[in-house]
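Survey of secondary and tertiary structure
Listed below, chain by chain, are the residues.
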Amino acid sequence: QVQLVESGGGLVQPGGSLRLSCAHSGSNYGRAAMGWYRQAPGKQRELVANIVSGGSTKYGDSVKGRFTISEDNANNTVYLQMNSLKPEDTAVYYCFIIKFGRDYWGQGTQVTVSS
């Protein structure tokens, strides 16, 4: 069974930074993509970023230039570095992995950007 453990959320002031991590069980064999979606009250779910097995990345338009996704394959972990945070980044961030054609989700971590 694939399990995801998310960490790194919290409260930060506008302009600050946070680093999210998502660790998954097992090897990277069969992994097609990992990344984060987020959902805020009153807003639809949106893709934040993802990274495919070959290392290519994709970002939502609202976070391009501010967020960076990376991976540490030796530790089965993906990171999301979030810089220049804005209040509109406030949301619950859900890590996901697509492995062997199936979707798995983390428990979510709250990111709050407020002064």
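Residues numbered from 1 in each chain as written. Predicted model: local features only at pLDDT ≥ 70, side-chain atom pairs only at ≥ 80, totals over all residues. Heavy atoms only, no water.

1. Let's talk about the pairing of strand S8 (residues 77–82)
Relative to S8, strand S3 (residues 18–24) runs antiparallel, the two sharing six bridges. Pairing of Cys 22 across the sheet is with Val 78, part of S8. Count of turn residues in the strand S7 (residues 67–72)/S8 antiparallel hairpin: four residues, of which Asn 76 carries a positive phi of about 50 degrees. (Pairing = 2+ DSSP bridges. Helix = DSSP H or I, 4+ residues; strand = E, 2+ residues; numbered from the N terminus.)

2. Overview of unusual backbone geometry
Located in the positive-phi region is Asn 76, a residue other than glycine, with phi close to 50 degrees. Relative to the elements of secondary structure, Asn 76 occurs in the loop between S7 and S8. You can call Asn 76 buried: its relative accessible area is 17%. Even without being glycine, Phe 100 reaches a positive phi, approximately 50 degrees. Within the secondary structure, Phe 100 is located in the loop between strand S9 (91–99) and strand S10 (102–105). Judged by its relative accessible area of 56%, Phe 100 falls in the exposed class. (Buried < 20%, exposed > 50% of the residue type's maximum accessible area, 1.4 Å probe, protein only.)

3. Considerations on the pattern of salt bridges
Applying the stated criterion across every chain, the model contains five salt bridges. A salt bridge links Arg 38 to Asp 89; the nearest nitrogen and oxygen atoms lie 2.9 Å apart. In this pair, Arg 38 sits in strand S4 (residues 31–39) while Asp 89 sits in the loop between S8 and S9, placing the two residues 51 residues apart along the sequence. In terms of burial, Arg 38 and Asp 89 fall into one category: buried. In this structure, the salt-bridge partner of Asp 61 is Lys 64, at a minimum N-O distance of 3.2 Å. A single salt-bridge network, built from bridges that share partners, covers Arg 38, Lys 43, Glu 46, Arg 66 and Asp 89. (Salt bridge = Lys/Arg side-chain N within 4 Å of Asp/Glu carboxyl O.)

4. Some points on the packing of aromatic side chains
Under the counting rule described, the total for this entry stands at three aromatic pairs. With centroids separated by 5.2 Å and ring planes inclined at 50 degrees, the aromatic side chains of Tyr 37 and Phe 96 adopt a geometry described as tilted. One end of the pair, Tyr 37, is in strand S4; the other, Phe 96, is in strand S9, with 59 residues separating them in the sequence. Since its relative accessible area comes to 22%, Tyr 37 is described here as partly exposed. Consider the rings of Phe 96 and Trp 105, whose centres lie 5.6 Å apart with planes at 45 degrees: the pair is tilted. What makes Phe 96 buried here is its relative accessible area of 6%. On the basis of relative accessible area, Trp 105 is assigned to the partly exposed category, the value being 40%. By the ring-pair criterion, three or more aromatic residues cluster together here, those being Tyr 37, Phe 96 and Trp 105. Stacked on the ring of Tyr 79, the Lys or Arg Arg 19 has its end atom at 4.5 Å from the ring centre. The side chain of Arg 45 reaches across the aromatic face of Tyr 37, ending 4.8 Å from its centre. (Phe/Tyr/Trp six-rings, centres within 6.5 Å; stacked < 30°, edge-to-face > 60°. Lys NZ or Arg CZ within 6 Å of the ring centre and 35° of its normal.)

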